[in-house]
Amino acid sequence: MNARKDELLNATIDYLAQHGVADLTLRPLSAAIGTSARLIIFHFKSKEDLLMEVMIAVQARLRNSLTSISLADAAARQISPMKLFWNWAIKKSNFPYLRLLYEMHFIAIQNRAVYQRFLDHTSFSWLEIIEGYLPVEMRSKTVATLCGAVFEGLVIELLSTEDIDRTTKALDHFIEMLRHEWGHVKENPVKKKTAQSAGKPAKSAAKSSKRRTAD
């Protein structure tokens, strides 16, 4: 029974990646994947539960594919991890499932009572991945949230306009801004330490002068 359920789930994912979710009804779906609406309900209880399982499965597929990206490969090719993620996202093998995930994400936002568990899990798991790929100096949930928001915004813009050149250039520009900020973060502690060291003798001299005046 579990094997049959997995077959139906995988067939549903492929169907939705091609046709989308907005107009989904069980009869056309069941006819397309070679089963019946009654058997879909038997295995998944409801259309909402089916979509929940589809969301979780698609997210797992994409997450597993994303975490297989090698930072060593990025360093060897002198590509930032964020650009490597972008190249991964726009691949023909990944993009239809990423589009499906975003489509279902917006459906989940509109129906939080049913899909809140998915929304909570999605945000947490993606943030963990992004944070893990950040340079140590910038590794925080705040920076991970920023990078994730920029990345997702550009993916949604690409989905809306199909303008891959403009969205790719925008990503490249953000990466350069991030590199500049990272360099600034690395330089500041040195400057601060130098300034503090330079200020200490002056402070001590002022104290000594004050003592001599008092004497």
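Along each chain, numbering runs from 1 in the same order as the chain's sequence is written. Note on the predicted model: pLDDT of at least 70 is required for a residue's local features to be given, and 80 or more for side-chain atom pairs to be given and counted; whole-chain, interface and lining totals, by contrast, use all residues. Hydrogen atoms and water are omitted, and side-chain values are computed over all heavy atoms in the structure.

A. View of the environment of Glu-131. The secondary structure listing takes helices from DSSP runs of H or I that are at least 4 residues long and strands from runs of E that are at least 2 residues long, numbered from the N terminus. Take Glu-131: it is sitting in helix H8 (residues 112-133). Buried, partly exposed and exposed residues are distinguished by accessible area as a fraction of the type maximum, computed with a 1.4 Å probe on protein chains only: under 20%, between the cut-offs, and over 50%, respectively. Using a relative accessible area of 18% as the deciding quantity, one classes Glu-131 as buried. Through-space distance from the C-alpha of Glu-131 to that of Lys-141 is 6.5 Å; in sequence the pair is 10 residues apart. We call two residues contacting when some pair of their heavy atoms lies within 4.5 Å. Residues within four places of Glu-131 in sequence aside, it is in contact with Arg-139, Ser-140, Lys-141 and Ala-144.

B. Examining the environment of Ser-140 more closely. The topology assignment puts Ser-140 in the loop between H8 and helix H9 (141-161). On a C-alpha basis, the gap between Ser-140 and Ile-130 in space is 9.6 Å, while along the polypeptide they are 10 residues apart. Apart from residues lying up to four places away in sequence, Ser-140 is in contact with Glu-131 and Leu-134. From its side chain, Ser-140 meets the backbone nitrogen of Val-143 in a polar contact 3.2 Å long. Contacts described as polar in this section are N or O atom pairs within 3.5 Å, which, within protein, must combine one atom able to donate a hydrogen with one able to accept it, while residues neighboring in sequence count only if both atoms come from side chains.

C. Region of the structure containing H9. Its 21 residues place the ends of H9 30 Å apart at the C-alpha level, agreeing with the 30 Å of an ideal helix rising 1.5 Å per residue. Within H9, the full set of buried residues consists of Val-143, Ala-144, Cys-147, Gly-148, Phe-151, Leu-154, Val-155 and Leu-158. Summarising the axial view, the buried residues of H9 lie within an arc of 130 degrees, below the 170-degree limit, and thus occupy one face. Those residues of H9 that are exposed and angled more than 90 degrees off the buried face are Lys-141, Thr-142 and Ser-160. A positive phi of about 60 degrees marks Glu-162, the residue just after H9. The span expected for a helix works out to 1.5 Å for each residue beyond the first. Note: the arc covers the axis-to-C-beta directions of the helix.

D. Molecular detail of the layout of surface pockets. Lining residues are those with an atom within 4 Å of a point, where the points come from a 1 Å grid over the protein atoms alone and group into cavities, where a 1.4 Å probe fits but cannot get out, or pockets, open sets with protein on both sides within 12 Å along at least five of seven lines. Grid points are joined across faces, edges and corners, and a volume is the space filled by probe spheres set on the points. In this structure, the largest pocket encloses a volume near 850 Å³. Ile-130, Ala-144, Cys-147, Gly-148 and Phe-151 are the residues nearest the centre of the largest pocket, which is lined by 35 residues in total. Of all elements in the fold, only helix H6 (81-89), helix H7 (95-110), H8, H9 and helix H10 (164-214) reach the threshold of two or more residues within the lining of the largest pocket. Throughout, the ten residues Ala, Val, Leu, Ile, Met, Phe, Trp, Tyr, Cys and Pro are labelled nonpolar, Asp, Glu, Lys and Arg are labelled charged, and all others, Gly among them, are labelled polar. Looking at side-chain class alone, the lining of the largest pocket contains 27 nonpolar, 6 polar and 2 charged residues. By volume, the second largest pocket is sized at about 150 Å³. In this structure, the second largest pocket is lined by Ile-90, Phe-95, Arg-99, Leu-158, Leu-159, Glu-162 and Ile-164.

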